[in-house]
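Residues per chain are reported as follows:
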Amino acid sequence: MRFLRAGALAASLSATSALKNNTYDYIVVGGGPSGIITAERFAEAGKNVLLLERGVGPTVSTGNNETLSWNRTLTPIDVPGLSADIANLDVWNQYMCTDTDGTAACVLGGGVTVNYMVFVHPPDHDFDDKWPQGWKWEDVKPASERLYQRNPGTTQPSADGNRYDQGLYKVLSKFFNQLGWKSVDMIAAPNEKHQIYSYPAWNIVNEKRAGPVRTYLPLVKDADNFTLRLNSKVNRLVRSGSEVTGVEVVDAVTGKTEVVTLAPHGRVVLAAGALSTPRVLFNSGIGPKKQIETAKKSGVAVPPQEEWIDLPVGVGLKDHPIFTINVDTGADFGLLDYDSIVNGSDTTDINLYRQNSGVLTQGKHRMIFFTSNQVNGHTRYYQGSCAPAGEGVVSITAYMTHGLTSEGLLGLDEKGNTVIEQSPYLTTAEDRTAAKLFIDQILYDITDSSTGFKLQGNTNTSAILASPSVGVHYVGTAKMGTDDGRKNGTSVVDTNTKVYGMDNLVSWIVKCFYLYVLLTVVVCC
């Protein structure tokens, strides 16, 4: 077993012969943040590990040759300054999953490969409020410190120590200062989440997009006990009662199906995200009866009914609703010319980037703010990501985050696609009340006569509330907890991350926003 280098990598990783006559202590399903970090940690602990990713590699070192015309060592994904235009890049559709209802990335690195790189260090309360005993902040803090050593994030990515294109920040910092808000460093002060603003913290290392593809995967690239395979979609787990004996893999290039064998006493880790992990579980006879029956109708060879495990997989889907507020500030700032960056004609910014400096070392946003409010004693938190949207226009993407009580339901259709059967957005009266209070307040402040600001697009609370966007930070479809879902509880996995009713199946569904700090905790399960 080996990690195959660039060149023959893309073809070799999809060859079925790569897995013949091999068995593995750990098979990790999904090459997103949680999957990569998990696989690296297991390999570091001396286990024989296979990491399966259904998509391709996004970087030159992982086999991608769709590079920039002015730098053949970089793909457009690598350059932070292009992240704002990422959905318009040629690779976008290639990297998106086609069998999930809701946006998900099917590419090595998962959502971290295609997001805007905002890297929020979590406050203590994100863990202390709801996570079970053993998973409170003090429990996972040592793991977070190990993560930040490898992948720290930065508010100042340019090597020359300068910040570029700061017109938006100058205008909004003045605005927030007049409201009495405080300026902090969101990396240094992660617990400050009320009426504060900061330069953005980006997931950038050495002036390139960071994340586990760049900060964890290389650590095991030469290890004999680690194998990575791309273009490999896991269809189902092969089970013998409560034991997984292997995984059924479909080659995305050839369409061929094979079973990869798990070593005796081996384990499978599902890390395919909140929208795809449930599909694998349903196809494997784990989840509500309705969903398993649908999986069977889709043609999947589900286990015999006596082996089905009734767990609330897909129940409790959560996401952040986004409220978009566009403000014409009248100031002198605007958008980068992304086409000129891609085609190489923006020589000024490109030459600076060649010196590891300049605006191309920065991500999309120019400011992040945080605040909170209370309804009936329950606190809800908000994050505002602020980016240029035109000449003098700022787009505030306001996320409703921690404290949400709304939940939805993820299911399966007869084509094998996951579908959102019940929306997770603003389904509770108190969430709607809190959201209204937040929007009312921020619109009141923006439209005060002293600001000189003018709203664009939706200009009142009712219109903004009526058209929320999806946050694409899905969680909750395989909940961890002590209340066993087979016994009318709400949890799919126990506090050792093992799926209830299974002996050797572990599930990680961790949102890429920042919670992959948890994946440095476990070296064996």
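Just so it is clear, the structure is predicted and the values come from calculations on it, not from any experiment. Each chain carries its own residue numbering, running from 1 in the written order of its sequence. The model is predicted, so local features are restricted to residues of pLDDT at least 70 and side-chain atom pairs to those at 80 or more, both for listing and for counting; the totals for chains, interfaces and linings are taken over all residues. The basis for the side-chain values is all heavy atoms of the structure; hydrogens and waters are excluded.

1. Some remarks on a negative patch on the surface
Moving on, step 1. Patches in this entry comprise residues that are over 30% relatively accessible and not in a salt bridge; like charges within 9 Å are linked, as are nonpolar side chains (Val, Leu, Ile, Met, Phe, Trp, Tyr) within 5 Å. Method for areas: the Shrake-Rupley scheme with a 1.4 Å probe, in which residue coverage is limited to the protein chains shown. A side-chain nitrogen of Lys or Arg and a carboxyl oxygen of Asp or Glu constitute a salt bridge if their distance falls within 4 Å. Here the positive residues are Lys and Arg and the negative ones are Asp and Glu; neither His nor the chain ends is included. All charge positions are set by atom: Lys at NZ, Arg at CZ, Asp at CG, Glu at CD. Taken together, the side chains of Asp-128, Asp-129, Glu-138 and Asp-139 make up a negatively charged region of the molecular surface.
Moving on, step 2. The helix count covers DSSP runs of H or I at least four residues long, the strand count covers runs of E at least two residues long, and both are numbered beginning at the N terminus. As for its placement among the helices and strands, Asp-139 is situated in helix α6 (residues 137-150).

2. Some remarks on the packing of aromatic side chains
Moving on, step 1. Each Phe, Tyr or Trp ring, with Trp reduced to its six-membered ring, pairs with another whose centre is within 6.5 Å; inter-plane angles below 30 degrees give stacked pairs, above 60 give edge-to-face pairs, and intermediate values give tilted ones. Enumeration over the complete set of coordinates arrives at 15 aromatic pairs.
Moving on, step 2. Aromatic pair Phe-127 and Trp-131: ring centres 5.6 Å apart, planes at 35 degrees, arrangement tilted.
Moving on, step 3. Judged by centre distance (5.3 Å) and plane angle (40 degrees), the ring pair of Phe-127 and Trp-137 falls under tilted. Remark: Trp-137 occurs in helix α6 and Phe-127 occurs in helix α5 (residues 125-128); sequence separation between them is ten residues. The two residues Phe-127 and Trp-137 agree in class, both being buried.
Moving on, step 4. These aromatic residues form a ring-pair network of at least three members: Tyr-169, Phe-175, Phe-176, Trp-181, Tyr-197, Tyr-199, Phe-369 and Phe-453.
Moving on, step 5. The criterion is that NZ of a Lys, or CZ of an Arg, lies within 6 Å of the ring centre and within 35 degrees of the ring normal, and then a charge sits over that ring. The residue whose ring lies beneath Arg-163 is Tyr-199, and the NZ or CZ to ring-centre distance is 3.7 Å.
Moving on, step 6. When the ring centre of Phe-370 is taken as origin, the NZ or CZ atom of Lys-193, which lies over that ring, is 4.5 Å away. Exposure categories follow from relative accessible area, calculated using a 1.4 Å probe and restricted to protein chains: below 20% of the type maximum is buried, above 50% is exposed, and the middle band is partly exposed.

3. Overview of the UniProt feature "binding site: FAD" (unreviewed entry) in the protein
Moving on, step 1. UniProt positions are given in the numbering used here, feature names are shortened, and annotations may be inferred rather than shown by experiment. What UniProt calls "binding site: FAD" (unreviewed entry) maps, in this numbering, to Val-107, Asn-115, Tyr-116, Met-117, Val-118 and Val-234. In sequence the annotated residues extend across 128 residues, and in space they extend as well, their farthest C-alpha pair lying 29.5 Å apart.
Moving on, step 2. With respect to the element layout, Val-107 can be found in the loop between α3 (92-95) and α4 (111-114).
Moving on, step 3. Owing to a relative accessible area of 0%, Val-107 belongs among the buried residues under this scheme.
Moving on, step 4. Residues in contact with Val-107, not counting those within four places in the same chain, are Gly-31, Glu-53, Gly-55, Val-56, Pro-58, Tyr-95 and Thr-113.
Moving on, step 5. Note on contacts: a residue pair is in contact if any heavy atoms of the two residues lie within 4.5 Å. Sequence-distant contacts of Met-117, defined by excluding residues within four places in its chain, comprise Pro-80, Ser-83, Ala-201, Trp-202, Asn-203, Ile-204, Arg-209 and Gly-363.

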